[in-house]
Structures are given as structure tokens and as C-alpha cells.
Amino acid sequence: MNSYLIFSYAGVALCGIGVFGFIFHSHLIKRLIAFNILSNGVFLILVGLAQNAQKQPDHLPQALVLTGIVVAVAATALALVLIKQWYAISQQTTLPEDQEHQ
Amino acid sequence: MMGVAISMPVILPLLGAIISLLLPARYNNRIAFIFMLGLVVNAAWLLMHFSAQGPYQQVMGGWTLPLGIALRIDALAIIFSMMSCVVASVCGFYARFYLRAKQLKQFWPFFWFLLTALNTIWLSADLFNLYVGLELLTFSAVGLVALGQNKHALAAALRYLFAALLGSMGYLLGIALLYAQFGTLSLSQLSDAFSLTTTSAVALGFMFIGLMMKTAVFPLHTWLPPAHGGSLTPVSALLSALVIKASFYILLRLWMALPFGENAFVIGSLMGTLGGTAIIWGSWMALNQTQLKQIVAYSTLAQIGYFMLIFPLFSYSDPTANQYALHGGVLMLLSHALAKAGMFLAAGNLLICTNKTDLTSLAGLSRYRPLNIFAFGLAGVSIMGLPPSGGFNGKWLLVQSALMQSKWVWLIIILLGSLLSAAYIFKVFSYTYLETKAGDKFEQPSAMLEWSALSLSVLSILLGFFSVWVLDLLTLAEMRMP
Amino acid sequence: MSFLTMLPVWVLMTSFLAAMIIFMLPEHRHGLRTTINIVAALIKIAFIILLLRLVAQQYTPEVSFELLPGLYFVLKADALAMLFAGLSSILWLCTTIYAIGYLENSPNRSRFFGYFSLCVASTMGISLAGNLFTFLIFYELLTLSTYPLVVHRGTQQALNAGRIYLTYTLIGGLVLLLGVACVYAFVGDIAFGDTTKMAEFVAREPVSAAVIFLLLISGMAVKAALFPVHGWLPKAMVAPAPVSALLHAVAVVKAGAFGVIRVVYDVFGVALSWQQGYLFVLSIFASFTILYGSWRAIQQIDIKKRLAFSTVSQVSYILLGVTLLGPIGTIGGLVHLLHQGLMKVTLFFCAGNYAETLGIHKITELNGTGKRMPYTSIAFTVGALGMIGLPPIAGFISKWYLGTGALAANMQWVIWVLLASSLLNATYFLPLLHRIWFLPQKGPWPDEVSNQKKYRDAIPLLLIPTLITAGLSITAGLFAGSDFSPLSWVQLIVTREYQP
């Protein structure tokens, strides 16, 4: 057990929380937050596991994670715009298919 | 020269996107024309280079392989980039006449980003590049769906976005695990180093599920019908013809690059089962729709099922059968791209005529707009897999492959699926033949719209006569054959 | 490639290009459309005559084109191909003229004639196909191009008929596809006429070969309306009369029968099929269909329906002839392909004339039509007597060869089938003739077209093709011994088939 592995386990835990949130929340903003938690979990795993496998720090995963974070931010922004428009049109915070369950 | 040409499919549309954002909207159409022409010429040049000198790989920006961005041209890459060139040109042309000025202004940047993403995916030789391409593709596709601006379109866009993001995360998680195990993300290096362990199995599991979610393979398909059926016509065509192919293309690449050995049969059968269910379920749902575009959207679902049959049929037993499966699958992918785009455009024209979305309002249209019905019908022939068409040739090869390996289940599913697809396509047809007393009260779509739909449909039929050219490219390339 | 080698392509192209041009023409260009139709049909006949002379001199033009790796699209004009192509080209001309008259002043003519030509193009493709794969392509194309014709009227009834037609033919097509795919996967590409590979396969795997034979024949049987897959044919009667003529005499059922001939003679080989017992099973089905079709025809009161069931019965004569080993039976089957076409097309034209001129659809309404429409009635009489098998009309020649062929093949029971069926034919045709000629008119005609009073009979565009085909039916019988008759051509085919 070393410090890198801790990152990975933390990542797995975050992923779990994220997926749970994604599935069990129908509120669109909550879902978006769940997605962000999930993506952070994946990034942690990506960095943690790679560092664990190779003894010295590896720059590639860090570059990848940086790119990944940019992509996630872009995704969040796009989702927020759409959610805002959706709220403006429909006055709802959930998608129509999900409302039947509640 | 080759170094420039190979990066052009990515750089040109990216430039197009930036320019169309910066310059006033009135230049957009001209820019589109020039850049599209450039892309087509470039693709033709790449094709010539490829058929003369074979595959080519290039690392961009002076970095060495693990960190640099590698682009490569091989048979699949060239076929798919030609396909996206042709389909996107026609869809862009269609959009130019179909969309209102305000929509068109928003359409072009998304269109160019979409094309950038697609070409990145076709040309990348590296898993992370593919991830970036996939994400860019998702954003531009979701943006295009949201162009519809109404309640349905927005809901569909949101649903699509969330599904696609979840899929991307699965794929990225898989990348993380693979990198931890093998220390590389380049497809060629990975295929040398790969062995099936617990970690790599979990990794591939995540990647495959993520990619299947983005491709809308049954049962991860629920986002597709509203997104494809509910968006603006040129967008539907682009989405169904090209976007879903991108994630499937990565699946196919992984399947061909990674040696699964003994496990290929089990994994392939599993994917084939999903595909077979998709064929039956998608066709059945299409048959029960009452809205024209929904039928076409559900038909895409069924066709994705056919693509999935490549996996069980391409599973390392008999080289000839494998080759047939791959060739058949590629032909199916190509002819579906042409035919489905043609069909969506023709359906869009029919909707212009009737101004209503349900099937019953189509009565009498075959008299009023025979050209549209003809376009829809020709595309339908290819989708049903009746000869002479690209779809038929593809299906013929899949059937041959199944027969050679005595895989009767897939054979029966293929045949049953084509019967069901004939049922839903002729259902549309029969509505247009119905004569009513009401008389013709139809609007007339512009001739440009009609001819663009027809051109794609005719191409899907012509593919039936020129399949050999495409397949020669495949056999010519040094593909990793087991 | 020289013009002569490319002739099979040109024969196909005459109607295909005509179809494309007609699709492009605006609806109101009736004159131009008519000209294109007739000119294309005449050019095609000229090409066919040229080809016939070439084939008679032992020359076989062939065009081949690689469609998929190792899979060829082959058009080949052999003697058998020319039999069917010749029939279709002549009847196409007649039916086109008839259709021009029949559809005068009705809507959607551009669509109708476009698909009509496409349908003939597929028929030409079927006859000239040089291997099973090419055959399959045109077989499916025929299904596609006939559907719009069947539903042409656009009524709910027509659409239902269209649905039934599609269900039968598409499933049939799929079975055929499976059979053909099996042949290519297990045996390889077989050019028509080259039966050696199949013979080896039969010796190696008799069970698989039998299954393949079953698949191929069942696929063809749907279009040939063999019992128990004949159900679509009577339903498709709602289509306009020229379409019925096309379905029954020129294209669809003939394509099925022709396919059976190809499979038996040119894929498996007749001796082999006989020896494996395939032909015996087929002959049972064919005989049953002959009797069953005639039996059902007696029960129909609608003229076109009665004719439809008569077709079900008559087409199986062709199949029966195929199953009789030996040259004489083969001649009977093949020549009936032509003779039945001529006679049946005459009968459908007449039915159309009665319906168009006087609004007659039911058999009971036929009383006294002989006086009102003498020429049509004479043509009808010729067709009906020919179907029964009375000399000197063409039908007699077919039945004569079938009978003697059965004796030569040592299948005496076939004679009884032929006799019984001739009796049944007489039962359902003679009362019609009796009503036409000997019973007085009963009240006013159901729906007499008033503006045609100046013609004693149907309008010339309808009447002339009817008389031509009736005349041909007699000529084919009277001059069967001459060098240009269908019979002598069939004898040429058969000599080539039985002399390897």
C-alpha cells in the first residue's frame, strides 16, 4: 500500500458515488454534479494507477488528465446552457421521462 | 506533402469552424463550399496515395510516440473519411437550403466541429486521441440536436448529452486501467503488448460498454430515437449516418487490434446477442411507429444491430469467413451511411410536403412528389438489403460468413431482420400510394432538397455495383489478420 | 467489347433506360411517353431477333462483371434464355399498347409506365442471367417493380392485395436468397449449364444437396404460384387488367417457372435431379396444383378470379413438363411456357375489354356479349379453347407433348392428371363460351361506356393487341412444324440439353 494506491482507491470511491448520483437523481443539476464527481474519480484513478505501476513519476497521465479536465469543464458548461434553456422553456428541472417515476 | 495532407482532414474543418464563428454569417455558405471542396480533393489525394503506397503513419508536432499525436492512414481510415466527406457535403448542401438563416448561422460552427471530430477519430492511432475526438463529437452533436429549439429537441439533447458523457467516462476509465497495465495508449504498441488479464478485461469491459452506449446498442439505446427522430432533418441525417459510426469504429478497431485468443468466441457471441436483439427489437419498434422520422430513427437502431454481428462472425476461426465478415460489415456501415442519410433527407422533404409528422398524412404523395418517394424507396432498398444495393452486398457477405462457420443463429437473425425491415419500409410506401378524395394540398420542397436526397440514395444503390473497389482497398492494406 | 457481345446488356437497357426516362417525364407528356414506350419495345424486339439468329448459330454472347470479390454478375444469351426473353419482348409490346388504351384519361400514368418498363427490364434480366446470383438480383428487382403496379389504384383493397403479394414474394425471395447463399458457400459459383460441381457435391453430401434443392425450388415456387404458396395470385386480381396480364403471362409467374427450369436443368442437371428423386416429389406437387387450381377455378364467379386460378393450374403444366425425364416431356413443359403466356394474355385482355367497355366483372353478366363485342369474344374463345387443349390452338401442342413425354418417362399416372385437368378446364371455360355466344342478353349492361357507341367492340387500342395475341396463339399451334415456331426453338434447346 503506497500513497499512489490511496489516490486510486479514493478515485474508485468517487466513481461509485458519481454513478450512484447519476442514476438515482433525476434533478438535472444534481446529475451534472454527479457527472463531475464521476469524472474526478476517473482522473484520480488514471493518475494514481499509472504512478503506481511505474516507480518514477510519469508525465503522460498528467497531461491526459489536464486534457480530461478541460473536456469535463466544457461538458459542464454545455450541459448548464442546455439545462438553463430547458428550464426556460418547460419550467422543469427534470426530463419528462424521469417525472413518471416520481 | 503527405505530412500536410494527412493532417488536413482535421485542420481544414477546424479552421472552418473558427472562421465561421469569426466572420459575419453571410460568408458562411461560401466558406462551406470552399472548405468542403478542399476536403474532398484532399480525401481523393489521400486515397490515391494510399492505393499506390499503402498505409502511412505520422506523428504530429515533433513529439515521440507515447506523448505525440499519431495520425495514420489505412484502409478503414480512408474508407470512413471518404464516407464522411461525401455524406457531410450533401447534408451541408441540404442544410443550406433547408434551414432558416438564424439556424444556419448556428449550424455551420457545429457542423465543422463535428467534421473535425469525425476525421480525428478516423485518423487517430491512439486511444486518448480517440477520447478527445469522441468528446468533441458529443458536444457538437448535442449542440446540433439542440438547434431544434423546441421542448422535444432540448429534452432529447440533454438526454443524449448525459448518456454520451456516461459512455465517455466508461471509456476513459478503461483507458486508465489499460495504461496502468501496459504503459501505452498507442493502438499498435498496445496490440503487441496486450494480454487478457483481470485488469485488462475489466478495462475493456468499461470501454466496450461506454462505446456501445455512444453507439446506441441495445439495451443502451433509449437516447437515440428522440435525438435522431426529433432534431432538424440535416442533423438527423448527420447523426444517424456518421456520428454513431464513430464510436462503433473504435469498437471495431479495438476488436481487430487486440488479440483475444480463446475468449474471442465468448465476447463476440455476447456482442452478437446484443446486436441480434437490437435487430429484432429495433425493427419491431420501427414497425409500430406512427411518425415518419421515428420509423427512420428506429431503423437505425436495427441497423446498428447488423454492425454488431461483425463481432461473432469475425472471431478467429476461419480466415476466409473472417474476411467476409469484415468486408460485409464495412459494406453495411458504408451503405447505411449513404442510405440512411438519403432516407432522412427524403423523409424531411416529405414532411415539408405534408407539414404534418404522422404517416397517414402521406396519402397521395406518390402522385404529387414521385421523385421524393423514389429517393425514399431507393434508400429503403438498400436498408432492406434487397439487390442491387450496397446493403444487399454487405448482407450477402455476412450470410456467406455465417454459412461458412455454420453459425445458424446469426443467419436466421439476419434473414428475419431483413423481412422486418421490408415490413416497416413498405408500410411507409403503402401510405403514399393511398388515394384519398381530399385532393392534393401539399407544399413543394425546393428542387435542391429533392436532388440532394436522391443523390445519396442513388449512391447507396451504386455502391452495390462498385463494392469491389471498396473491398479491394481493404484487402490491399496490411490488416492485422489472425 | 463488340456490339454483339454486349447485346444482352442492350436488351436489358432498352427497357431500363425507357423506365428512367419515363420517370423523369412530367405527367402530362402523354404523347412523348407513348412514343418512348413503343420505340423501346420495338428496338428490344429487333435486338432479340438479332440475338436469336446468333444463338441459333451456336454463338453465345456473354457479359460478365465482378460485383464482389469472386462473385460475378453474368448476362448470357443461351437458347433457354432467348425463349423467355423472346416471349417477354413480344408480349411487352402488346401489353404496352393495351395499357396505353386501358389507362387513357386515368391519373399517375408516368409512375405506371415507369414501373411497367422496370418490370420488363427485370424480366429480361431474369431470362438472361448467367448464374444464380444474377438471377437472384433480378428476381428481387421484379418483386420491387411489380409492387407499385399491384397497388396502382391506391384503394384500400389494392393496398391489402399489395401487402399479401409482398409477404409472399419477399419471404419467397428470402428463401431463395438462403438457397443461393448456400450454393455459393458450399459449392461455389456455378455458371448455368455447368452441372459438374453440383454433381460432385450431391455425391459428397446428399442431404445438404436435397435441402439446397428444396430451398431453391421453394423460393421459385412462390412466384410460380405452386400449391401451397399460390395464395397471392388470386388476391392480386384487384390490379388493372394490363398488370394482371403482366403478372400472369409475361413476368412474375413465368419468372418463377423459368427459375425452376434453370435450377433443374442448369444447376443440378435433369438426370441427377431425376436420379435423386427430386423430380418425383416436384411432379406430385405440380400435379396436385394442376387439379387444385382447376377445381378452385370452377368455384369462382368473378371472371378475373376464375382466370387467376386457371393460371395457378396452367403454370404447373410447365413444372410438370420439367419433371418428366426425357426430351419429349421437356419440350412439352418449355413450349407451354410460351403457349400459356400467349393464351393467358389474350384471356386477360378480353376480361379487361369486357370490364372497360361494358363494365362486366361477373360470369353471369357475360350473357349475349358475343353479339355486342364479337371480336373480343372470338379472341376469348380462342384463348379458352386453347387452354382446354383443342387443336389447332397452341395449348394442344403442349398437352400432346406432355402426354407423350409422360409415357416416355414411364409415368402413366400423369396422363390421368392431364385428362382430368382438361375435363376441369372444359368445365370452367365452356359455360362461359355458352353464355357469350348462345344466351340472350339479360337486361342492360352493368356499366356501359356511352361515348364508345361508335365502336361496335372495345376501342382499337384495346382490341388490336387482343386480336394479335389471339392470332399468335393460333399461329403457334397451326405452324408448330415450321422453323420459326416456338416449338422448333424449344426442340433446339432440348437437343442441346440432352446432347452434352
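Definitions and limits used
- Residues numbered from 1 in each chain as written.
- Chains lettered and ligands numbered in written order.
- Predicted model: local features only at pLDDT ≥ 70, side-chain atom pairs only at ≥ 80, totals over all residues.
- Heavy atoms only, no water.
- Helix = DSSP H or I, 4+ residues; strand = E, 2+ residues; numbered from the N terminus.
- Buried < 20%, exposed > 50% of the residue type's maximum accessible area, 1.4 Å probe, protein only.
- Areas by Shrake-Rupley, 256 points an atom, 1.4 Å probe, with all protein chains shown as cover.
- Contact = heavy atoms within 4.5 Å.
- Salt bridge = Lys/Arg side-chain N within 4 Å of Asp/Glu carboxyl O.
- Polar contact = N/O pair within 3.5 Å; in protein donor to acceptor, adjacent residues only side chain to side chain.
- Nonpolar A, V, L, I, M, F, W, Y, C, P; charged D, E, K, R; others polar.
- 1 Å grid on protein atoms, 1.4 Å probe; cavity = no way out; pocket = protein on both sides within 12 Å on 5 of 7 lines; lining within 4 Å.
- Points joined across faces, edges and corners; volume = space filled by probe spheres on them.
- Axes fitted to C-alpha atoms, helices over the stretch in contact; angles between N-to-C directions.
- Parallel < 35°, antiparallel > 145°, perpendicular 65-115°, else oblique.
- Expected span 1.5 Å × (residues − 1).
- Pairing = 2+ DSSP bridges.
- Buried area = accessible area lost by both parts, 1.4 Å probe.
- Patch = residues over 30% accessible without salt bridge, like charges linked within 9 Å, V, L, I, M, F, W, Y side chains within 5 Å.

Peer 1: Pulling in residues and values, what's your account of the overall build of chain A?
Peer 2: Counting its regular elements, chain A contains 4 helices and 0 strands. Reading chain A from its N terminus to its C terminus gives the helix and strand order α-α-α-α. The proportion of buried residues among the 102 residues of chain A is 42%. Entry remark: accessible area of chain A is about 5500 Å², with carbon and sulfur atoms responsible for 69%.

Peer 1: Go over the interface of chain A and chain B with me, naming the residues and quoting the values.
Peer 2: How large an interface is tends to be reported as the accessible area lost when its parts come together. Listed by partner, the interface residues are 37 residues for chain A and 30 residues for chain B. Along the contact surface separating chain A from chain B lie 0 salt bridges. Along the contact surface separating chain A from chain B lie 0 residue pairs in polar contact (both at pLDDT 80 or more). Of all the secondary structure elements, the ones that give two or more residues to the side of chain A that touches chain B are α2 (28–53), α3 (59–90) and α4 (96–99) of chain A. The element best represented in the side of chain A that touches chain B is α3 of chain A, accounting for 17 residues. Looking at the side of chain A that touches chain B residue by residue, the class counts come to 26 nonpolar, 7 polar and 4 charged.

Peer 1: I'd like a rundown of the layout of surface pockets, residues and numbers included.
Peer 2: Roughly 1100 Å³ of internal volume is contained in the largest pocket. For the largest pocket, the lining is made up of 39 residues, of which Pro388, Ile461 and Phe465 of chain B together with Phe16 and Leu141 of chain C are closest to its centre. Listing elements by their share of the lining of the largest pocket, those giving two or more residues are α16 (370–384), α18 (408–433) and α19 (447–462) of chain B together with α1 (7–24), β1 (62–68), β2 (71–76), α4 (109–128) and α5 (132–150) of chain C. Looking at the lining of the largest pocket element by element, the count peaks at 7 residues for α5 of chain C. Its residues assigned to classes, the lining of the largest pocket shows 36 nonpolar, 3 polar and no charged.

Peer 1: Give me empty space enclosed by the protein: which residues, what numbers.
Peer 2: Here the structure, examined in full by the defined rule, presents 6 cavities of 30 Å³ or more. Here the largest cavity defines a volume of roughly 100 Å³. Those elements that place two or more of their residues in the lining of the largest cavity are α17 (390–404) and α18 of chain B together with α6 (156–187) of chain C. In the lining of the largest cavity, the residues fall into 9 nonpolar, 2 polar and 2 charged.

Peer 1: Explain the environment of Ala423 of chain B residue by residue, including any values.
Peer 2: Considering the arrangement of structural elements, one finds Ala423 of chain B in helix α18. Taking relative accessible area as the criterion, Ala423 of chain B reaches 32% and is therefore assigned partly exposed.

Peer 1: Would you mind going over the packing of α4 of chain C against helix α10 (residues 241–250) of chain C in detail, with residue names and values included?
Peer 2: Any two packed helices are characterised by the angle at which their axes cross and by the distance between the axes. Residues and elements named next belong to chain C. It is the contact of α4 with α10, at a shortest axis distance of 12 Å, that shows an interaxial angle of 5°. If you check the angle between α4 and α10, you find them roughly parallel. Contacts from Phe112, Phe116, Cys119 and Thr123 of α4 reach α10 at Pro242, Val243, Leu246 and Val250. Classifying every residue of the contact of α4 with α10 gives 7 nonpolar, 1 polar and no charged.

Peer 1: Describe α19 of chain B, and please don't skip the residues or the numbers.
Peer 2: All names here are of chain B. Taking 1.5 Å of rise per residue, 16 residues should cover 22 Å, and α19 covers 22 Å from first to last C-alpha, within 8% of that figure. Taken together, the buried positions of α19 are Leu449, Glu450, Ser452, Ala453, Leu454, Leu456, Ser457, Ser460 and Ile461. Where α19 is buried, its residues contact α3 (75–98), α14 (319–354), α16 and α17.

Peer 1: Lay out the pairing of β2 of chain C in plain terms, naming residues and giving numbers.
Peer 2: All names here are of chain C. Counting buried positions along β2 gives 5 out of 6 residues, so the element sits mostly inside the fold. The pairing of β1 with β2 spans 6 bridges and is antiparallel. Of the residues in β2, the one forming a bridge with Val63 is Leu75. Here β1 hands over to β2 after 2 residues, with Gly70 in that stretch at a positive phi of 80°.

Peer 1: Summarise the pattern of salt bridges; cite the residues concerned and give the values.
Peer 2: Under the criterion given, the structure shown has 4 salt bridges over all chains. A salt bridge links Asp74 of chain B to Arg253 of chain B, with the nearest nitrogen and oxygen atoms 2.8 Å apart. Of this pair, Asp74 of chain B sits in the loop between β2 (69–73) and α3 while Arg253 of chain B sits in helix α10 (residues 233–257); the two residues are 179 residues apart in sequence, bridging distant segments of the chain. Taken as a pair, Asp74 of chain B and Arg253 of chain B share a single burial class, namely buried. Across the salt bridge formed by Arg262 of chain C and Asp266 of chain C, the nearest N and O atoms sit 2.6 Å from each other. Taken together, the residues Arg262 of chain C and Asp266 of chain C, both in helix α11 (residues 252–268) and 4 residues apart, mark about one turn of the helix.

Peer 1: I'd like a description of the interface of chain C and chain B, backed by residues and values.
Peer 2: Each partner contributes residues to the interface: chain C has 38 residues there, and chain B has 32 residues. Interface area lost by chain C to chain B is led by Leu68, Leu144 and Leu174 of chain C, which between them contribute 16%. Linking chain C with chain B are 0 salt bridges, by the criterion used here. Inspection of the region where chain C meets chain B yields 1 residue pair in polar contact (both at pLDDT 80 or more).

Peer 1: An account of a nonpolar patch on the surface is needed here, citing residue identities and associated values.
Peer 2: Judged by side-chain polarity, Val86, Val458, Leu459, Leu462, Phe466 and Trp469 of chain B together with Phe65 of chain C come together as a nonpolar surface patch covering roughly 580 Å² of accessible area. In terms of residue count, α19 of chain B provides more of the nonpolar patch than any other element does, 3 residues in total. Among the structural elements, Val86 of chain B can be located in helix α3.

Peer 1: If you had to explain the side chain of Thr469 of chain C to someone new, which residues and values would you point to?
Peer 2: Structurally, Thr469 of chain C is set in helix α20 (residues 460–478). When residues no more than four places from it in sequence are discounted, the contact partners of Thr469 of chain C are Leu91, Cys94, Leu342, Val345, Thr346 and Phe349 of chain C.

Peer 1: Please set out the side chain of Gln314 of chain C residue by residue, giving values where relevant.
Peer 2: Here Gln314 of chain C shows up in helix α14 (residues 303–323). Residues within four places of Gln314 of chain C in sequence aside, it is in contact with His336, Gln340, Lys344, Met387, Asn425 and Tyr428 of chain C.

Peer 1: Could you give an account of the arrangement of the chains, naming the residues involved and the relevant values?
Peer 2: Once contacts are tallied for each of the 2 pairs of chains in contact, the highest total is for chains B and C. No part of chain A reaches chain C; the closest C-alpha pair between them is 36 Å apart.

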